[in-house]
Amino acid sequence: QIICDTRAHAEYYAHELTDDIDAADKMAVIYLEADKSVYHPLHADRASVLKRIFPGYYPDASVYDLKLVLYFGTVLPLQGADIVYKAMTDLVTDGDFLCIFIGPVQRVRGITPIKHKNLLCADWVSQEKLALLTDISDICLAGHFNSRIDKAKRTIPGKAFIYEAMDKTMIIGDNPANREYFAPSHKHIYVEMGSSESIYNAVRHEFGI
């Protein structure tokens, strides 16, 4: 039996590889899951977590009142990390947000990395530290956000299952795969794929800014 990670992928394989109009119905769809031994609500202290993971970061007390936006990824093209980074640079410029980007930002095509006191970046963190960062975040960016790669519309990002396990509000790309699993709600905020402005506006709207 053929096993797929989304119904959208099953339909794609059925269309591309067979002449059987019912082939997708014969495939099993098994969705990913987060490791709930690691990813679950932790109720961590924001100041302690930030000082532990970014030891060279010495903010003034007011930074802890900012809304914290998190993204992590391997920056594969389908993830749309360039779109995320642009949205984050706009958010920190506003002065209302602290943004954390976990991933090799130097590999993200089409962006010019900036230095800003409220934009924290790290190439990689352990799962334990990632769980802590997710826990202290106010809103998390899932994806996928690339609108030019069709696979991005057929795959649910693994980070979305992590955010769900940790009961976090997330922003996700409006595509068939995501809609299979996540119903639109105050916890699952859909945005136009390929648009940093959509992410920017959705984050600000979530906090009434």
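Because the structure is a prediction, the values reported are computed rather than measured.

(A) How the structure looks around the overall build of the protein chain. If you tally the helices and strands in the protein chain, you get seven helices and eight strands. Relative to the compact-globule value of 17 Å for 209 residues, the protein chain shows a C-alpha radius of gyration of 18 Å, a close match. With the principal axes as the frame, the protein chain shows a C-alpha extent of 65 × 35 × 30 Å. Counting every position in the protein chain, which comprises 209 residues, the buried fraction comes to 51%. At a minimum sequence separation of 6, the contacts of the protein chain that also span at least 24 residues come to 66%. On the protein chain, roughly 10,700 Å² of surface is accessible, and the fraction owed to carbon and sulfur atoms is 50%.

(B) Inspection of the pattern of salt bridges at higher detail. A complete count under the given rule lists 11 salt bridges for this structure. The salt bridge involving Asp 90 is made with Lys 86; its shortest N-O contact spans 2.8 Å. Within this pair, Asp 90 and its partner Lys 86 are both found in helix α3 (residues 81-94), separated by four residues, close to a single helical turn. Classification of Asp 90 as partly exposed rests on a relative accessible area of 25%. Relative accessible area serves as the criterion here: at 40%, Lys 86 is assigned to the partly exposed category. For the salt bridge of Asp 96 with Arg 204, the shortest nitrogen-to-oxygen distance reads 3.9 Å.

(C) The arrangement of a nonpolar patch on the surface in detail. A cluster of nonpolar residues, Tyr 12, Tyr 13 and Leu 17, forms a patch on the protein surface that exposes about 300 Å² of accessible area. Structurally, the position occupied by Tyr 12 is in helix α1 (residues 7-17). Judged by relative accessible area, which is 32%, Tyr 12 ranks as partly exposed.

(D) Geometry of the packing of aromatic side chains. Throughout the structure, instances matching the rule amount to nine aromatic pairs. Between Tyr 85 and Phe 101, the aromatic rings sit 5.8 Å apart at their centres with planes inclined by 80 degrees, giving edge-to-face as the arrangement. A residue pair is termed long-range when its members are at least 10 positions apart, and Tyr 85 in helix α3 and Phe 101 in strand β4 (residues 97-102) qualify at 16 residues. Both residues of the pair, Tyr 85 and Phe 101, count as buried. Ring geometry for Tyr 181 versus Phe 182: centroids 4.9 Å apart, planes at 70 degrees, classification edge-to-face. When its relative accessible area of 38% is taken as the criterion, Tyr 181 is described as partly exposed. Ring pairing ties together the aromatic residues Tyr 31, Phe 161, Tyr 181 and Phe 182, which thus form one cluster. Above the plane of the ring of Phe 72 lies Lys 159, whose end atom (NZ or CZ) is 5.4 Å from the centre. Its end group placed over the ring of Tyr 190, Arg 179 keeps NZ or CZ at 4.3 Å from the ring centre.

(E) Geometry of the sheet that holds strand β5 (residues 119-122). With parallel pairing, six strands are arranged side by side in an open sheet as β5-β4-β3-β6-β7-β8. Where the open sheet ends on each side, the last strands, each with one partner, are β5 and β8 (188-191). Taking each pair of neighbouring strands and ignoring which way they run, the sheet shows an average axis angle of 20 degrees. When strand β3 (residues 67-72) meets strand β6 (residues 139-143), the two strands line up parallel, connected through two bridges. Of the residues in β6, the one forming a bridge with Val 69 is Ile 139. Relative to the sheet, α3 contacts β3, β4, β5 and β6, its axis offset from that of β4 by approximately 155 degrees.

(F) Fine view of the side chain of Thr 6. As for its position among the elements, Thr 6 is in the loop between β1 (3-4) and α1. Here Thr 6 falls in the buried class, since its relative accessible area comes to 0%. Non-local contacts of Thr 6, meaning those with residues more than four positions away in its chain, are made with Val 29, Tyr 31, Arg 154, Thr 155, Ile 156, Ala 177 and Glu 180.

(G) Structural view of the packing of helix α2 (residues 46-53) against helix α4 (residues 127-136). Viewed as axis vectors pointing N to C, α2 and α4 meet at an angle of 140 degrees, and their least axial separation amounts to 10 Å. In the crossing of α2 with α4, the sense of the turn from one axis to the other is left-handed. Contacts from Arg 46, Val 49, Leu 50, Arg 52 and Ile 53 in α2 reach Glu 128, Lys 129, Leu 132, Leu 133 and Ile 136 in α4. Across the contact of α2 with α4, the residue classes tally to six nonpolar, no polar and four charged.

What counts, and where the lines are drawn
Residues numbered from 1 in each chain as written. Predicted model: local features only at pLDDT ≥ 70, side-chain atom pairs only at ≥ 80, totals over all residues. Heavy atoms only, no water. Helix = DSSP H or I, 4+ residues; strand = E, 2+ residues; numbered from the N terminus. Rg over C-alpha atoms; globule rule 2.2 N^0.38 Å. Buried < 20%, exposed > 50% of the residue type's maximum accessible area, 1.4 Å probe, protein only. Contact = heavy atoms within 4.5 Å. Areas by Shrake-Rupley, 256 points an atom, 1.4 Å probe, with all protein chains shown as cover. Salt bridge = Lys/Arg side-chain N within 4 Å of Asp/Glu carboxyl O. Patch = residues over 30% accessible without salt bridge, like charges linked within 9 Å, V, L, I, M, F, W, Y side chains within 5 Å. Phe/Tyr/Trp six-rings, centres within 6.5 Å; stacked < 30°, edge-to-face > 60°. Lys NZ or Arg CZ within 6 Å of the ring centre and 35° of its normal. Pairing = 2+ DSSP bridges. Axes fitted to C-alpha atoms, helices over the stretch in contact; angles between N-to-C directions. Left-handed = near helix turned anticlockwise from the far one by under 90°. Nonpolar A, V, L, I, M, F, W, Y, C, P; charged D, E, K, R; others polar.

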